[in-house]
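So you can see what is in the structure, the chains are spelled out below.
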Amino acid sequence: MPNQGAIGAHDTVRVGCGAGFSGDRLDAPLPVVRSLIASGGPAAIMFETLGERTLALAQLARLENPDHGYEPLLERMLEPILEPCLAHGIRILGNFGQANPRAAARAIRALGKRLGCRPMRIAVVTGDDLVASGAVSGLEDGHGTPLPLGNVICANAYLGAAPLVEALAAGADVVVTGRVADPSLALAPFAHFHGWSLDDPMMAAAGTAAGHLLECGAQVTGGYYADPGFKDVPHPERIAYPVVAMQADGRFVVGKGDDIGGLVNRHTVTEQLLYEIHDPSSYLTPDVTLDITEVALSEIGSDQVRVEGARGREKPRTLKVTVGHEAGWFGEAEISYAGPNALDRARLALDVVRKRLPSDIRMRGDLIGVASVFNDDDGAWLAARGGDATLSRRGDAGAAAGAASRLLQDVRLRIAISAPDRATAARAPEEVLALYCAGPAGGGGIRSSLRRRISTTSGYIRRELVRHTVEFVE
């Protein structure tokens, strides 16, 4: 039986993406909503704002203030689109509830009142928080062995589309979730409006493939694809976010919203289709095991790519869980050295800090501009920048270092400390700040931070141990 609100089998359902991560562009959703309104058919917009790191930060925020822990930019994100979405029946789904979906729902309700919107039904999906539900004792590792709990402070299971479909069927205008699988935010409205059963692996596969293409926002419309001179993208300052038009039989077209920038072609779609896919024949999600090995892509018009051929098998018996552990404190600070002999002055500053810290402190020092991401030596740096590559090949480290030191005029030193206690981690900002007058010469532009840390690992839990709930904030 079709779900309540389902449409005819031959109609098209559109889902657009308004955010691909926490901190995404706040002006991106409105052009997507304009595009959905212009289509005139059933539509939804999804907001994907969660990663393992993001959820850990949200858990820290909730621990410090029980009214926090949801997407910090939530109100600014929804303010431009809430009223037009409600006026035109466009459903809003987002994991912007993060570690505190009930607080997020209250914030959306208050925003609607402030904007003078019509009364709305806000659904809150919970059950992913295994510590709150008491299911955390069921955690396993990848081999089915019970996972030692230790200092676990949070554990969030990746829920699937089922509770979101339930919320939409009950008339939700807005669905707020915590940790759900990213593609499920799109699969749910496709399943709801088309009347698909989530037990049909082929339909679940189509919706999951579409959700995977949508979930990272502008990555599929040219954002992460852009590489000047090799892969040029028009107007990246106004890049349009993606919209998928889904047919009832599972074929769909990837396009983009109503803005001037970005592009959609076989290359952009291929890159995003393969993004974070370990095994293209077995991409594990809570809703289906997705196989993309026979997916066919065809450009059918400007910024229009048809996708077909996604296949599905039985969903995994377990759900993935992000487990957060108390990990002490993290302190970091940066200082710049510029002009003649900048590299040697930055090296001296690093050496000074190292010698002033006890040998058992976990510290990392980076000379940004010389060695940070790749930890290259000076010879590799010099060769890559058109210097005397012969010196680097000969292994004449002294001569290469001297040439690098003469050429380099701008170096930023970064010091980072990881420690179990706040006081030890604070040594990074303290020691770098002291370099202002304690030398070497010419240091400036100091920035520092000190914060608690949660480390994250992955675990698994049998899906029958996880119970979702759907409640409404009227």
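Scroll up to find the structure this text is about.
Please read these numbers as outputs of a predicted model, since none were measured by experiment. (Residues numbered from 1 in each chain as written. Predicted model: local features only at pLDDT ≥ 70, side-chain atom pairs only at ≥ 80, totals over all residues. Heavy atoms only, no water.)

(A) How the structure looks around the overall build of the protein chain. A count of helical and extended segments in the protein chain gives 16 helices and 18 strands. Radius of gyration (C-alpha) of the protein chain: 25 Å, near the 23 Å computed for a compact globule of 474 residues. Oriented by its inertia axes, the alpha-carbon framework of the protein chain measures out at about 75 × 50 × 50 Å. Classification of the 474 residues of the protein chain by burial places 52% in the buried group. Considering only contacts in the protein chain between residues 6 or more positions apart, those separated by 24 or more positions represent 77%. Split by element, the accessible area of the protein chain, about 20,900 Å² in all, is 52% carbon and sulfur. (Helix = DSSP H or I, 4+ residues; strand = E, 2+ residues; numbered from the N terminus. Rg over C-alpha atoms; globule rule 2.2 N^0.38 Å. Buried < 20%, exposed > 50% of the residue type's maximum accessible area, 1.4 Å probe, protein only. Contact = heavy atoms within 4.5 Å. Areas by Shrake-Rupley, 256 points an atom, 1.4 Å probe, with all protein chains shown as cover.)

(B) Quick peek at the packing of aromatic side chains. Overall, the coordinates contain 1 aromatic pair when judged by the stated rule. A centroid spacing of 5.8 Å and a plane angle of 45° characterise the contact between Phe47 and Phe96, whose relative ring orientation is tilted. Residue Phe47 is located in strand S2 (residues 43–47), and its partner Phe96 is located in the loop between strand S3 (91–94) and helix H5 (101–115); the two are separated by 49 residues in the primary sequence. Accessibility classification places Phe47 together with Phe96 in one group, the buried group. Of note, Arg121 hangs over the ring of Phe472, and the distance from its end group to the ring centre comes to 4.0 Å. (Phe/Tyr/Trp six-rings, centres within 6.5 Å; stacked < 30°, edge-to-face > 60°. Lys NZ or Arg CZ within 6 Å of the ring centre and 35° of its normal.)

(C) Looking closely at the sheet that holds S2. Judged by pairing direction, the sheet is mixed, and its 10 strands sit side by side in the order S11-S12-S8-S7-S1-S2-S3-S6-S4-S18 without closing on themselves. In this open sheet, the two edge strands, each paired with only one partner strand, are strand S11 (296–301) and strand S18 (469–473). Between one strand and the next, the sheet's axes are offset by a mean angle of 25°, whatever the strand orientation. The pairing of S11 with strand S12 (residues 304–308) spans 5 bridges and is classified as antiparallel. Among the inter-strand pairings, Gly301 is bridged to a residue of S12, identified as Gln304. This element, helix H9 (residues 201–214), spans strand S1 (13–19), S2, strand S7 (242–246), strand S8 (252–256) and S12 of the sheet and lies at about 165° to S7. (Pairing = 2+ DSSP bridges. Axes fitted to C-alpha atoms, helices over the stretch in contact; angles between N-to-C directions.)

(D) Geometry of the side chain of Glu140. Summarising the element assignment, Glu140 is placed in the loop between helix H6 (130–133) and strand S5 (152–157). Reaching out from Glu140, the side chain makes a polar contact with the side chain of Arg462 at a distance of 3.3 Å. Residue contacts for Glu140: discarding those within four places in its chain leaves Thr145, Pro146, Leu147, Arg317, Thr318, Gly459, Tyr460 and Arg462. (Polar contact = N/O pair within 3.5 Å; in protein donor to acceptor, adjacent residues only side chain to side chain.)

(E) Looking closely at the environment of Gly69. By the element assignment, Gly69 lies in the loop between helix H2 (52–64) and helix H3 (74–78). Taking C-alpha positions, Gly69 is 8.0 Å from Ala103, a pair spaced 34 residues apart along the chain. The residues touching Gly69, leaving out its near neighbours within four places in the chain, are Ala58, Ala61, Arg62, Gly97, Gln98, Ala99 and Asn100.

(F) A look at the nonpolar core. Core analysis: the largest hydrophobic core is formed by 64 residues, its most contacted members being Leu130, Phe190, Phe252, Val254, Val269 and Val307. Discounting residues that sit within four places of it in the chain, Val307 has contacts with Leu213, Arg251, Phe252, Val254, Val269, Val295, Ala296 and Leu297. Core analysis: the second largest hydrophobic core is formed by 39 residues, Leu82, Ala105, Val233 and Tyr241 among them. (Core = buried A, V, L, I, M, F, W, Y, C linked by side-chain atoms within 4.5 Å.)

(G) Examining the pattern of salt bridges more closely. Taken as a whole, this structure holds 25 salt bridges when the rule is applied. When the shortest N-O distance is used, the salt bridge between Asp182 and Arg179 registers 2.7 Å. Residue Asp182 is classed as buried on the basis of its relative accessible area of 15%. Under the relative-accessibility criterion, Arg179 is labelled buried at 1%. Ionic pairing is found between Arg412 and Glu334, a salt bridge with its closest N-O pair at 2.6 Å. Within this pair, whereas Arg412 is found in strand S16 (residues 410–419), its partner Glu334 is found in strand S14 (residues 318–338), the two being separated by 78 residues in sequence. (Salt bridge = Lys/Arg side-chain N within 4 Å of Asp/Glu carboxyl O.)

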